[in-house]
Structures are given as structure tokens and as C-alpha cells.
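# Geometric and topological summary
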Amino acid sequence: MAEGSRYASYFVQEPSSGVSPANAALKVFRATKSGLDISIAALQSDEIRNDAEIADFRLGARHVEGTASAELSYGTFDDLLAAALRGAWASDTLVAGILRPSFTFVDYNADINDLPYTIYRGCEVNSLNIKISASAMVTVEFGIVGRTMEQRAALPAGWTVGNRTVTSPMDGFSGGLSANGVKNNVITELSIDINNGIEPRFVVGSKYSIRPGAKRRNVTGSLTAYFEDNTLRLAYLNELPQAIVMTLSDGASGNTYEITMPKVKLTEAPRPIDGEGDIMQNISYRGLLDATAATSIKIVRKVVVPDAEGVIITPAYVDTVEGTKTQQFNATVLGTTAQGVTWTVSPTGNGTISASGLFTADDAATGETTITATSTKTNTVAGTARIGSIT
């Protein structure tokens, strides 16, 4: 019997709609739930018979549709976030655009012996919901529309599954939120909804959808806030545009996504009074094209690179180097992905060293020489190597 605890979901971007890469390197979709499946039209005969029976029924045109949900974590869903905005990451900034990337999704039920893999091709991100609550993990739900489905006993030859990302889920209390540059401290919950109007298209002679159609992008959402003053109600009543900026963080690691909607108008702002407790405002909004930013929504990502823990130089010791001759040194910075170092020679008159660690001995040098590599990320962390003599 299949259980959710044995389920996994993978995805990979396609070179063209409905065509999986030949050697697909699948990424893990860190799912909390999934509703992705095949949707098939039901066709029933309208023939009228004197025996009052229905004579025929069959399955008709079909397409992929459903949702894939997760907790937002840094770097896990960047391809899908770009697809939801129909844009592309450039220098860690994602701006809404008009691109139409498609993906292959794979469902894997590890506890099913027959056909444990279900492959969905030609999938596009039709919608994205991001939900931010004051005391909860930030969640994302991708609405998917695709073309075909296939069940298999194994992955196609050449396909591989990458490692699951290990970044922590983001939460609603480690970041911040501002409206028109002023930090907001009364909002308890906020959701962002993007809908691209992607719909299947069918033609005579094909059982499956051809490439789906797409409409205009709609950016909408809602928020709940304590009724502290009339700032939000006046923004609604007077149609005052708001620039909303949300910084989402994964806590101690400090990796962030900054989501900006540069021009938002509130579409309703009721404040129902329900008993003697706090009065809450239930506000809906719509994101609009901002002429200056040239977009209705953008995302900026920032990863925190850990400080260096040490530097190792290889070789650590060289007995002799002849004058005017060279010796290559290589540095490895420990504890961080920032591998940049600066090289120095002591005594300085014993030779020079290039940015790549190539030491050139001075023909007049004598005695021992020390080579030092200092981390450019943490300039107090360095490693050394020695040359016994220069002859």
C-alpha cells in the first residue's frame, strides 16, 4: 500500500515543450503535498434508445493539471519561481517577463512495485501562491498545467536524480515587511498570488494537449492586519498606490529572498467586528505595472557565504627552487564556498607570485622563503607553505 512517507517528486527544465532532456539531471522538489495528475475529459453517448440505456462511454482529450506544494527554502525552487514570473534570473534578480519555460515532473512512489514512476511532460507554471504567516513556515504552491503523462517501471536511461537541497525552510518571523518604505508591524498574514492564465489546447487527431496557451499575468493577494489606525483603509478609499517589500529569511543561515511589488492598489478593506477581541482588517490587493520599475513584481535573492575556517596550500613544503625557475602553489579555503585568496612572498626579495599561485624565484635570492595565501572572504584567515632554499 502506497504511503506519503515514501513519496518523492523531481523536476527538470525541458529544451522545448514536451521534450525531456536526453540525460535529464532531475532536481528534488521538496514537497509537502502534491495534486499533480492527468485530467481526462469524459465522453458519453447522447444516443436516445427505447430501452432507456446508455450505449457508450469513453475517455477523451487529456492534459496534466494540479498543484505541487512545499515549504520555501533557498535555492530549491529558483527555476520554478522564474517560470511563475515568466522571467529569468540575472545577477540574482528575477523580474517578471514573457518567457514560457516548460518542465518535466516525475512522481516516485518508492513502495509501489509496478510502475513506481509517473512522468509528466510539457508542464508550465500557471500559478504561484506564497503564504507568509507570523508564526509559521513560508509555503509555496505551484499550479501546473502540462501536456502528457507516462508511467514507467524505471527512469529512462541516462536520467539521474540530484541531491536534495539542505537549506532550511524560510519563516514568517525572521524577515520583514514594509509599505512605501515604512516598516509595517501590524500585518499577521500575507499571501501573494500570481496567475498566468495558462490553459490546455486541443486539436483534432491528438489525444493530448498541444502547447498550452497563456494570457496576461495577474498579481493579486490578501493580507490580515490589526486595526491600529486608518492608514490601510485610507489607502484603499483614496486609491493610494503602495510599494510592498517583503524580506523572507531562513533564520540563522541568513539566506534571503526579497519580494517587491512596486505598485499595489487595495481592492477591499473590510474590518468586521466579531466579538470583544481584536478587530482585524481583511484586505485584498492587486499588483500593477510600475512605470519606473517596469514590472509588477520582482525577486532578489541573497545567499550568505560562511567565513573561511582555514587555508591549506599544496605543496606545503618544497625543498629547493632554482633561481628564475617557477613553482606552482594551490590554495584550498576551508569552511566556505568563497575560494578567493591573495598571495604574498616573504622575504619579498626572494621572488614574486601571481594571482593563480605561480611563484617565480629571484636569481639573487638565498635562504628560506614563506608563501602565504590569505582568504579574501575572511582576511584574518591564512595558510602558509615553505621553500627550503633558492639556489
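Residues numbered from 1 in each chain as written. Predicted model: local features only at pLDDT ≥ 70, side-chain atom pairs only at ≥ 80, totals over all residues. Heavy atoms only, no water.

## Side note on unusual backbone geometry
Excluding glycine, a negative phi dihedral is what most residues carry, and trans is how most peptide bonds are arranged. Quick note on the threshold: The helix and strand labels rest on DSSP assignments: H or I over at least four residues marks a helix, E over at least two residues marks a strand, and numbering proceeds from the N terminus.
Residue proline 315 is bonded to the preceding threonine 314 through a cis peptide linkage, with omega at -10°. Within the secondary structure, proline 315 is located in the loop between strand S23 (310-314) and strand S24 (317-321). Cis peptide bonds are those with omega within 30 degrees of zero, and the linkage from serine 346 to proline 347 qualifies with -5°. Structurally, proline 347 is set in the loop between strand S27 (341-346) and strand S28 (351-353). Of note, arginine 86 is a non-glycine position whose phi angle comes to about 55°, a positive value. By the secondary structure assignment, arginine 86 is in the loop between helix H1 (78-85) and strand S6 (89-90). Within the chain, glutamate 239 stands out as a residue other than glycine whose phi angle is a positive 55°.

## With respect to the side chain of serine 191
Condition: Three exposure classes are used, based on accessible area relative to the maximum for each residue type with a 1.4 Å probe and protein chains only: buried under 20%, partly exposed in between, and exposed over 50%. Here, residues are in contact when the closest pair of their heavy atoms is within 4.5 Å.
Residue placement: serine 191 occurs in strand S15 (residues 187-195). Given a relative accessible area of 10%, serine 191 falls into the buried group. Setting aside anything within four residues of it in sequence, one finds serine 191 in contact with Asn129, Ile130, Lys131, Thr220, Gly221, Ser222 and Tyr285.

## Focus on the environment of valine 64
Its location among the elements puts valine 64 in strand S5 (residues 57-71). The class for valine 64 is buried, based on a relative accessible area of 0%. Taking the C-alpha atoms as reference, valine 64 lies 8.6 Å from glycine 122; in sequence the two are 58 residues apart. Other than its neighbours up to four places away in sequence, valine 64 contacts Leu36, Asp37, Ile38, Tyr120, Cys123, Ile144, Val145, Gly146, Arg147, Thr148 and Met149.

## Observations concerning the pairing of strand S29 (residues 358-361)
As a reminder, the rule being used: Strands pair, by our definition, only if DSSP identifies at least two bridges between them.
Only one face of S29 is covered, namely the face carrying Phe359 and Ala361; the face carrying Leu358 and Thr360 is uncovered. Where strand S25 (residues 326-328) lies against S29, 3 bridges are found, and the strand directions are antiparallel. The residue of S29 that forms the bridge with glutamine 328 is leucine 358. Pairing of S28 with S29, which is carried by 3 bridges, proceeds in the antiparallel orientation. In the sheet register, threonine 352 faces S29, and the bridge partner there is threonine 360. Here S28 folds back onto S29 in antiparallel fashion, the turn holding 4 residues, of which glycine 357 has a positive phi close to 90°.

## Notes on empty space enclosed by the protein
Vacant regions in the atomic arrangement are exposed by a probe of water-molecule size rolled over the atoms. Here is the rule we go by: Every definition here rests on a 1 Å grid over the protein atoms only: cavities are sets of points where a 1.4 Å probe fits but cannot get out, pockets are open sets enclosed by protein on both sides within 12 Å along at least five of seven lines, and lining residues have some atom within 4 Å of a point. Grid points are joined across faces, edges and corners, and a volume is the space filled by probe spheres set on the points. Side-chain classes are defined by residue name, with Ala, Val, Leu, Ile, Met, Phe, Trp, Tyr, Cys and Pro counting as nonpolar, Asp, Glu, Lys and Arg as charged, and the others, Gly among them, as polar.
For the structure shown, the criterion picks out 3 cavities of 30 Å³ or more. For the lining of the largest cavity, the secondary structure elements donating two or more residues are strand S13 (171-179), S15 and strand S19 (242-249). Its residues assigned to classes, the lining of the largest cavity comprises 8 nonpolar, 2 polar and no charged.

## Focus: the sheet that holds S29
Within a sheet, each strand pairs with its neighbour through backbone hydrogen bonds, oriented either parallel or antiparallel. Counted only if it meets this: Orientation is described by lines fitted to C-alpha atoms, with helices fitted over the stretch in contact, and by angles between N-to-C directions that extend from 0 to 180 degrees.
Pairing in this open sheet of 3 strands is antiparallel, and the strands run S25-S29-S28 from one edge to the other. Taken across any chain shown, the strands that pair with only one partner, and hence form the sheet edges, are S25 and S28. Between one strand and the next, the sheet's axes are offset by a mean angle of 15°, whatever the strand orientation.

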